[in-house]
Amino acid sequence: MKKLLSVVTLLFVLGTAKVFSLGIGAQGGFPLGGALTVKVDEFPCVFAVDAQIGATTGFGLTADWWLANPTLSGSLGYFYGVGAGGDIYLGNDWATLGIGPRAFVGLNLFLLDGFFELYLQGAYQPSFNIALFGDEAKGGFDWLGGGLSLGFRFWF
């Protein structure tokens, strides 16, 4: 009886409550690179994580807070907001950590009844770079950080 009641309760909860929709996708752009993105529709923050493997290895993370996402026409909209980003780059005998604020603006288009999202985003991200160790590590402030990204997300 306890098992039956548990199953019925679980089916009732799953059938009547929409907790959130989850968007997962990828983006790439200039400067060259790619990232995995995650967004929850009930929370106006988009997270992106990227990695660069090679002679120089780098890992980055951004958290963007969408201030608005109004509709322009039909399923086409625009978005803008602020956020923060950070990365770490590792060479043979050096390492650099970079952190900074972000400001961004973009266009997004929802297709297939909201299941598939395409977007184009421009971001400005100045960064403060800290030389962790090594002679080739670069420290200082970079006023020209940022880039342009094209991406997609699937919404579940």
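Reference entry: report on the structure contained in this document. Since we're looking at a predicted model, the values are computed, not measured.

**So, unusual backbone geometry**
Now for step 1: Positive phi values are uncommon outside glycine, yet L112 reaches one of about 55 degrees.
Now for step 2: Tracing the backbone through its elements, the reader meets L112 in the loop between strand 7 (95–111) and strand 8 (116–124).
Now for step 3: A relative accessible area of 63% places L112 in the exposed class.

**A look at empty space enclosed by the protein**
Empty pockets left among the atoms are what a rolling probe the size of a water molecule brings to light.
Now for step 1: For the coordinates displayed, the defined rule picks out one cavity of 30 Å³ or more.
Now for step 2: Roughly 70 Å³ of internal volume is contained in the largest cavity.
Now for step 3: In this structure, the largest cavity is lined by Q27, T37, V46, A48, T62, D64, W66, R102, Y119, Q121 and R153.
Now for step 4: Listing elements by their share of the lining of the largest cavity, those giving two or more residues are strand 3 (45–52), strand 4 (57–68) and strand 8.
Now for step 5: Among the residues making up the lining of the largest cavity, the classes are represented as four nonpolar, four polar and three charged.

**Quick look at the pattern of salt bridges**
Now for step 1: Evaluation of the coordinates by the stated rule reveals two salt bridges.
Now for step 2: Close ionic contact of D64 with R102 constitutes a salt bridge, the shortest N to O distance being 2.7 Å. A residue pair is termed long-range when its members are at least 10 positions apart, and D64 in strand 4 and R102 in strand 7 qualify at 38 residues.

**Thoughts on the packing of aromatic side chains**
Now for step 1: All chains considered together, the criterion is met by ten aromatic pairs.
Now for step 2: When the ring of F43 is compared with that of W65, the centres are 5.2 Å apart and the planes differ by 90 degrees; the resulting orientation is edge-to-face. Note that F43 is positioned in the loop between strand 2 (34–40) and strand 3 and W65 in strand 4, a separation of 22 residues in sequence.
Now for step 3: Residue F43 is classed as partly exposed on the basis of its relative accessible area of 40%.
Now for step 4: Ring geometry for F116 against F154: centres 5.2 Å apart, planes inclined by 50 degrees, an arrangement best described as tilted. Placement of the pair is F116 in strand 8 and F154 in strand 11 (residues 146–155), with a sequence separation of 38 residues.

**Examining the layout of surface pockets**
Now for step 1: Its volume calculated, the largest pocket comes out at about 1000 Å³.
Now for step 2: Along the wall of the largest pocket there are 41 residues; nearest its centre are P31, D50, D87, Y89 and G146.
Now for step 3: What lines the second largest pocket is simply S21, K39, D41, W66, N69, F110, G114, E117 and W155.
Now for step 4: For the lining of the second largest pocket, the class distribution of residues is three nonpolar, three polar and three charged.

**Concerning the nonpolar core**
Now for step 1: Within the largest apolar cluster, six residues are counted, these being V46, W66, F79, F104, Y119 and A123.
Now for step 2: Residues contacting Y119, with those up to four places away along its chain left out, are A26, Q27, T37, F79, L107, N108, S149, L150, G151, F152 and R153.

**Notes on the pairing of strand 7**
Now for step 1: Note: strand 6 (residues 76–90) against strand 7, 15 bridges, orientation antiparallel. Residue D87 lies in a different strand from strand 7, and its bridge partner there is G98.
Now for step 2: The pairing of strand 7 with strand 9 (residues 127–133) spans five bridges and is classified as antiparallel. The residue of strand 9 that forms the bridge with L97 is I130.
Now for step 3: Bridging between strand 7 and strand 8 involves nine bridges; their strand directions are antiparallel. By the bridge assignment for strand 8, F110 is matched with E117.

Here is what the cut-offs are and how they apply
Here the residue numbering is sequential within each chain, running from 1 through the sequence in written order. Only residues with pLDDT of at least 70 get local features here, since the model is predicted, and only at 80 or more are side-chain atom pairs given and counted; chain-wide, interface and lining totals rely on the full set of residues. Think of the side-chain values as coming from all heavy atoms in the structure, minus any hydrogens and water. Labels follow the DSSP assignment, with helices taken as runs of H or I lasting at least four residues and strands as runs of E lasting at least two, numbered in each case from the N terminus. Burial classification: accessible surface area is computed with a 1.4 Å probe over protein chains only, and a residue below 20% of its type maximum counts as buried, one above 50% as exposed, and the rest as partly exposed. Points on a 1 Å grid over protein atoms alone make up a cavity when a 1.4 Å probe fits among them but cannot get out, and a pocket when they form an open set with protein on both sides within 12 Å along at least five of seven lines; lining residues each have an atom within 4 Å of a point. Grid points are joined across faces, edges and corners, and a volume is the space filled by probe spheres set on the points. Ten residue types, Ala, Val, Leu, Ile, Met, Phe, Trp, Tyr, Cys and Pro, are classed as nonpolar, four, Asp, Glu, Lys and Arg, as charged, and the remainder, Gly among them, as polar. In the sections that follow, a salt bridge refers to a side-chain nitrogen of Lys or Arg positioned within 4 Å of a carboxyl oxygen of Asp or Glu. Paired rings are identified among Phe, Tyr and Trp, the last through its six-membered ring, by centres lying within 6.5 Å, and are further divided according to the angle between planes into stacked (under 30 degrees), edge-to-face (over 60) and tilted (the rest). Only buried residues count toward a nonpolar core. Its members are Ala, Val, Leu, Ile, Met, Phe, Trp, Tyr and Cys residues joined through side-chain atoms within 4.5 Å. Any pair of residues with heavy atoms lying within 4.5 Å of one another is described as a contacting pair. At least two DSSP bridges between two strands are needed for those strands to be called paired.

Nothing here speaks to function; it is all geometry.
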